[in-house]
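As a plain string of letters, each chain reads:
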Amino acid sequence: MKNNEIKIKDSFIQEIKQLISETRQRIASSVNTEISILYWNVGKRIKNEVLGNQRAEYGKSIINNLSETLTAEYGSGWGEKQLQHCLHAVETFPDSEIFYTLCRELSWSHIRTIMYQDDPLKRNFYIEMSKLEKWSVRTLQERIKSMLYERTAISKKPEQTIKDELTTLKEEQKLTPDLVFRDPYFLDFLGLQDTYSEKDLETAIIVELQRFIIEMGSDFAFMARQKRITIDDRDYYIDLLFYHRRLKCLVAIDLKIGEFEAAYKGQMELYLRYLEKNEQLENENTPIGLILCTGKNQEHIELMQLDKSNIRVADYLTALPSQKLLQDKLHRAIEIARERIGEK
């Protein structure tokens, strides 16, 4: 009986602790929401005052004088830079209802980081992905720095397609493969030397599996390395096999040294058909193949119509180029992709 009493008391204490923890979280969330709304309202008032007088000197003077007054009264959190953030929030999110909804889901630090992205589609991408995957501010900053949006397949689609898929993500929390798969993948953390084999690459990925999954996306779950499949008494081996929780499908990854070759398509198609027939469970979607290589010819990719076979090809980089070179390369890739779509 004594043991039962102790057990009941422990359970009772845990329930009280949970109530306190949940209430604290709600209070913190409520405070964050109110602070974000305050910043937006301050920015709105500044904007109205500044727009009422077209002289740039007047606007600068208003922010400077207001900052000095507020800092003297409320402390260092109201510097000129903070007031500029408030003003920028209103300029980026002019609709109060949309902003109020947003600040109930993301912190002011998230919003401040995202609102300086000039492209509205890119902003919406980072907003929805932050909400879906519950990114910390640090993770969000790292994703933006690594140009995740530009590396994601969706960025190379027509503008309306991007809008439609982001709307689906927002309203249904539903991801599409174009929002999941990237090109290129950054594998600089593997520490590979200038010369390495496919086995070296695979081994390095297993050693750094957690970081590899972070680069791939948080919904990837590792299932097997060198997954053996037997067809007509012949053994074949899939380099890496993952499962994607939100896409609800198996993902077979083939690691290649060098540029993409046409023969890789047939090999991956064989793997995918086998997985579809023997491994795919009820209610799961058709398996997807990802071929990682160190280069590819875009015309090859288009002529082989890999998308119809549920196969994707992406480069991987074991050493990162400069930020500017990377930006130029990705922006050019997006331009070329959209030009090709326009030609069709």
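Draft legend 1. Highlighting the packing of aromatic side chains. Evaluation of the coordinates by the stated rule reveals 12 aromatic pairs. Ring centres of Trp40 and Tyr100 lie 6.0 Å apart, and the angle between their planes is 75 degrees; this geometry places the pair in the edge-to-face category. With Trp40 in helix α1 (residues 2-51) and Tyr100 in helix α4 (residues 96-103), the pair connects residues that are 60 residues apart, well separated along the chain. In terms of burial, Trp40 and Tyr100 fall into one category: buried. Between Phe260 and Tyr264 the ring centres are 5.8 Å apart and the planes differ by 75 degrees, which places this aromatic pair in the edge-to-face class. Under the relative-accessibility criterion, Phe260 is labelled buried at 7%.

Draft legend 2. Molecular detail of unusual backbone geometry. Here the residue pair Asp183 and Pro184 is connected by a cis peptide bond, since its omega of 0 degrees sits within 30 degrees of zero. Its identity as a non-glycine residue notwithstanding, Asp233 has a phi of 65 degrees, on the positive side. One can find Asp233 in the loop between β2 (220-231) and β3 (234-244). For Asp233, a relative accessible area of 78% gives the class exposed. Even without being a glycine, Asn310 presents a positive backbone phi close to 65 degrees. Looking at the element boundaries, Asn310 is found in the loop between α14 (298-303) and β6 (311-317). A relative accessible area of 27% places Asn310 in the partly exposed class.

Draft legend 3. Up close: helix α12 (residues 209-216). Within α12, the full set of buried residues consists of Leu209, Phe212, Ile213, Glu215 and Met216. End-on, the buried residues of α12 take up no more than an arc of 160 degrees, which puts them together on one face. Looking one or two places after α12, you find Gly217, whose phi comes out positive at around 135 degrees.

Draft legend 4. Focus on the packing of helix α6 (residues 120-133) against helix α9 (residues 159-172). Close contact between α6 and α9 brings their axes to 10 Å; oriented N to C, the two are set at 25 degrees. Considered as vectors, α6 and α9 are oriented roughly parallel to each other. Where α6 crosses over α9, the two elements pack in a sense that is left-handed. Mapping the contact onto sequence places Leu121, Asn124, Phe125, Glu128, Met129, Lys131 and Leu132 in α6 and Glu159, Ile162, Lys163, Leu166, Leu169 and Lys170 in α9.

Draft legend 5. Structural detail: the side chain of Lys265. Here Lys265 shows up in helix α13 (residues 263-278). Not counting the four nearest positions on each side in its chain, Lys265 is found in contact with Met304, Leu306, Ser309 and Ile311.

About the criteria used
- Residues numbered from 1 in each chain as written.
- Predicted model: local features only at pLDDT ≥ 70, side-chain atom pairs only at ≥ 80, totals over all residues.
- Heavy atoms only, no water.
- Phe/Tyr/Trp six-rings, centres within 6.5 Å; stacked < 30°, edge-to-face > 60°.
- Helix = DSSP H or I, 4+ residues; strand = E, 2+ residues; numbered from the N terminus.
- Buried < 20%, exposed > 50% of the residue type's maximum accessible area, 1.4 Å probe, protein only.
- Arc of directions from axis to C-beta.
- Axes fitted to C-alpha atoms, helices over the stretch in contact; angles between N-to-C directions.
- Parallel < 35°, antiparallel > 145°, perpendicular 65-115°, else oblique.
- Left-handed = near helix turned anticlockwise from the far one by under 90°.
- Contact = heavy atoms within 4.5 Å.

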